[in-house]
Amino acid sequence: MIGEQIKKLRIARNMSQVGLARMIGVTKQSVSNWENNNILPSIDMLIKIAEFFSCTTDYLLEIDDKRKVIEVNDLTLEQIAHIQIIVNDYKQLNTQLRTATDNCAIDASEN
């Protein structure tokens, strides 16, 4: 649920409910109510929360929890290109690791 996503993101930033509330302009009670799934944030607030945490509203709503967003607004195009290269390198490495792991599992099952 959305409350769990907000709480997970808040805790990952070592932030209190009060701290988050101050940053996005709401009361601590609002944050608490969202996290306990007592109420839902408005659409405008959902967008503000997503922008604050540099994630998508889909992530908050658990529509697409696999896709992550990196905030790059203050970076140059060259810096963004470097980050994309690093991301692509990690994707390739993960693919290689999965392939190696799958091959080890196949070898083990054949023995």
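Basis of the calculations
- Residues numbered from 1 in each chain as written.
- Predicted model: local features only at pLDDT ≥ 70, side-chain atom pairs only at ≥ 80, totals over all residues.
- Heavy atoms only, no water.
- Phe/Tyr/Trp six-rings, centres within 6.5 Å; stacked < 30°, edge-to-face > 60°.
- Buried < 20%, exposed > 50% of the residue type's maximum accessible area, 1.4 Å probe, protein only.
- Lys NZ or Arg CZ within 6 Å of the ring centre and 35° of its normal.
- Core = buried A, V, L, I, M, F, W, Y, C linked by side-chain atoms within 4.5 Å.
- Helix = DSSP H or I, 4+ residues; strand = E, 2+ residues; numbered from the N terminus.
- Contact = heavy atoms within 4.5 Å.
- Axes fitted to C-alpha atoms, helices over the stretch in contact; angles between N-to-C directions.
- Parallel < 35°, antiparallel > 145°, perpendicular 65-115°, else oblique.
- Nonpolar A, V, L, I, M, F, W, Y, C, P; charged D, E, K, R; others polar.

1. A short note on the packing of aromatic side chains
Evaluated as defined, the whole model comprises one aromatic pair. Ring geometry for phenylalanine 52 against phenylalanine 53: centres 5.0 Å apart, planes inclined by 75 degrees, an arrangement best described as edge-to-face. For phenylalanine 53, a relative accessible area of 6% translates into the label buried. Of note, arginine 13 hangs over the ring of phenylalanine 52, and the distance from its end group to the ring centre comes to 5.0 Å.

2. Here we look at the nonpolar core
Core analysis: the largest hydrophobic core is formed by 18 residues, its most contacted members being Leu20, Ile49 and Leu60. Among the elements of the structure, helix 1 (2-12), helix 2 (17-24), helix 3 (28-35), helix 4 (43-53) and helix 5 (57-60) are those that each provide at least two residues to this core. Excluding anything up to four places from it in sequence, leucine 60 contacts Ile2, Gln5, Ile6, Leu9, Leu46, Ile49, Ala50 and Cys55.

3. Remarks on the packing of helix 2 against helix 4
At a minimum axis distance of 10 Å, the contact between helix 2 and helix 4 shows a crossing angle of 110 degrees. In terms of orientation, helix 2 lies roughly perpendicular with respect to helix 4. Across the interface between the two elements, Leu20, Met23 and Ile24 of helix 2 pack against Met45, Lys48, Ile49, Phe52 and Phe53 of helix 4. Across the contact of helix 2 with helix 4, the residue classes tally to seven nonpolar, no polar and one charged.

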